Amino acid sequence: MPDEKHIIYCILDWGLGHATRSVPLIQNLQERGFKITIATSGYLYNSFIIKELRDVQFLELMPYEPKYSKRKKQVRRLLLQIPHFMRVFVSDKIRIRKFIQQNSVQFIFSDNRFSCRCRKVRSVYLTHQVNILKPANLGPWLLPSAVHRYWMGKYDACLVPDNPDKLFKGLTNHDGLSKKLKYIGFMSRFNNIEHNRSHKHILVILSGPEPQRSIFENIIISAAYHTDEKIILVRGTEKLLGKALTDNVMVYNIAETIVLKKLLQDCSYVVCRSGYSSVMDLIISETPAIIVPTPGQSEQEYIAETADENSWFMVQDQYNFVFLKPEVVKTECKLPDIKNNYLDVVISEIV
């Protein structure tokens, strides 16, 4: 291997979670002496990665920028965007191939961006979506799941951010790919958080594509009128706030990791989407929460249902959301006891 070891790390721009969960993996690779080039879109570059990681280079890729419906049925809206997604797929392959021709690269790591692979370079895929779920959480969606696993099978290894006992097995388990799947445990920026017993506030973290992010934000602001608890709202956007706030609400547009970690330490509980990366953060940081799935997003509905069945977190419907007393949430949430020392071992085997 050349003296300068080089990895191109590709990140899907379908929500910030793919970037946030990649931080500990990228830092692990940097500690091993790898030079990192991050390939993603301008949104992630500008809003998150450049603030969180040091000594990385960037390769700009064409953005996916998925658009969601205001209603619960999301499938038709996403199907209409397939021509655009195909253009991004082709663009990615051209950009990655050209970059590898011009640079010495030993590995490609790709977080759910399955267009980013090259036969000439050892390629590693990261995903929690071994199964893609049907709308209304009716089990695996056979054709999309088969297509995704076809592309997963072309990689040299597939990393799955779940424990080997598969807490979210409806998403992360498939016997046909068992030889390539390597379970690396939950990935989070928030290891070893020591919670402040004073519990100063409720922390609301908004995320995800529009328009559902803004719809949920307006619901949160309206709900704040009906509680005396102090609320800190992390909006996840630089867009102007379109609704007046009550005196008990404090706002951050974007919170960097060091700020968000402090907010987590001091909160009584969190309100957030039931996205996979968000739930990993909550479990690793041992933070009670009310999780609210995006309407019509089958994966988030499955995660919320699994968490509710196991009493890990409280779950509410977006359109019936209310703030609860902190003691109620803390009593109801019984977080899973997990081991999380798999990442370092698996990466040692690969690189």
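Please refer to the structure higher up on the page.
Residues numbered from 1 in each chain as written. Predicted model: local features only at pLDDT ≥ 70, side-chain atom pairs only at ≥ 80, totals over all residues. Heavy atoms only, no water.

### Remarks on the packing of helix α1 (residues 17-31) against helix α12 (residues 343-350)
Alright, step 1. For the pair α1 and α12, interaxial distance at closest approach is 11 Å and the crossing angle is 50°. If you check the angle between α1 and α12, you find them oblique. Judged by the sense of rotation from one axis to the other, the crossing of α1 with α12 is right-handed. Residue-level inspection shows Pro-24, Leu-25, Asn-28 and Leu-29 of α1 in contact with α12, the latter providing Leu-343, Asp-344 and Ile-347.
Alright, step 2. Residue composition of the contact of α1 with α12, grouped by class: five nonpolar, one polar and one charged. (Axes fitted to C-alpha atoms, helices over the stretch in contact; angles between N-to-C directions. Helix = DSSP H or I, 4+ residues; strand = E, 2+ residues; numbered from the N terminus. Parallel < 35°, antiparallel > 145°, perpendicular 65-115°, else oblique. Left-handed = near helix turned anticlockwise from the far one by under 90°. Contact = heavy atoms within 4.5 Å. Nonpolar A, V, L, I, M, F, W, Y, C, P; charged D, E, K, R; others polar.)

### Description of the pattern of salt bridges
Alright, step 1. Within the structure shown, the criterion is met by 11 salt bridges.
Alright, step 2. In this structure, the salt-bridge partner of Glu-217 is Arg-213, at a minimum N-O distance of 3.2 Å. Taken together, the positions of Glu-217 and Arg-213, both in helix α7 (residues 212-224) and four residues apart, correspond to about one turn of that helix. Like Glu-217, the residue Arg-213 is buried in the burial classification.
Alright, step 3. As a salt-bridge pair, Asp-266 and Lys-262 come within 3.4 Å of each other at their nearest N and O atoms. (Salt bridge = Lys/Arg side-chain N within 4 Å of Asp/Glu carboxyl O. Buried < 20%, exposed > 50% of the residue type's maximum accessible area, 1.4 Å probe, protein only.)

### Brief notes about the packing of aromatic side chains
Alright, step 1. In the structure shown here, the tally under the stated rule is 16 aromatic pairs.
Alright, step 2. Ring centres of Phe-168 and Tyr-276 lie 5.5 Å apart, and the angle between their planes is 65°; this geometry places the pair in the edge-to-face category. On the criterion of sequence distance, the pair formed by Phe-168 in the loop between β6 (157-160) and α6 (169-172) and Tyr-276 in helix α9 (residues 276-285) is long-range, its members being 108 residues apart.
Alright, step 3. Through pairs of rings, three or more aromatic residues link up here, namely Tyr-9, Phe-34, Phe-107 and Phe-109.
Alright, step 4. The ring of Phe-34 has Lys-5 sitting right over it, with the charged end atom 4.7 Å from the ring centre.
Alright, step 5. The ring of Tyr-183 is capped by Lys-166, whose NZ or CZ atom sits 4.8 Å from the centre of that ring. (Phe/Tyr/Trp six-rings, centres within 6.5 Å; stacked < 30°, edge-to-face > 60°. Lys NZ or Arg CZ within 6 Å of the ring centre and 35° of its normal.)

### Topic: the sheet that holds strand β13 (residues 314-315)
Strands in a sheet are paired, the pairing made by backbone hydrogen bonds, and the direction either parallel or antiparallel.
Alright, step 1. Spatially, the six strands line up as an open sheet ordered β10-β9-β8-β11-β12-β13, and their pairing is parallel. Each edge of the open sheet carries a strand with a single partner, namely β10 (249-252) and β13. (Pairing = 2+ DSSP bridges.)

### Thoughts on the nonpolar core
Within soluble globular proteins, side chains that are nonpolar generally end up buried alongside one another.
Alright, step 1. Of all hydrophobic cores here, the largest spans 58 residues; its most connected members are Leu-25, Phe-109 and Leu-159.
Alright, step 2. At six residues, the largest contribution of residues to this core is made by α9.
Alright, step 3. Setting aside residues up to four positions removed in sequence, Leu-25 forms contacts with Tyr-9, Phe-109, Leu-126, Leu-159, Met-187, Leu-343 and Ile-347.
Alright, step 4. Listed in part, the 20 residues of the second largest apolar core include Ile-231, Leu-233, Val-249 and Ile-290. (Core = buried A, V, L, I, M, F, W, Y, C linked by side-chain atoms within 4.5 Å.)

### Overview of the pairing of strand β1 (residues 5-11)
Alright, step 1. Of all seven residues making up β1, six are buried, and the element is well covered by its neighbours.
Alright, step 2. Summarising the sheet, β1 and strand β4 (residues 107-111) pair through five bridges and their orientation is parallel. Across the sheet, residue Ile-8 finds its bridge partner in β4, namely Ile-108.

### Concerning unusual backbone geometry
Alright, step 1. Omega for the bond connecting Glu-210 with Pro-211 falls within 30 degrees of zero, at 5°, which places this linkage in the cis form.
Alright, step 2. When you line up the elements, Pro-211 lands in the loop between β8 (201-205) and α7.
Alright, step 3. Its identity is not glycine, yet Lys-166 carries a phi of approximately 60°, on the positive side.
Alright, step 4. Its location among the elements puts Lys-166 in the loop between β6 and α6.
Alright, step 5. On the accessibility criterion, Lys-166 (23% relative accessible area) is partly exposed.
Alright, step 6. For Glu-286, which is not a glycine, the phi torsion comes out positive at approximately 55°.
Alright, step 7. Among the secondary structure elements, Glu-286 is positioned in the loop between α9 and β12 (289-291).

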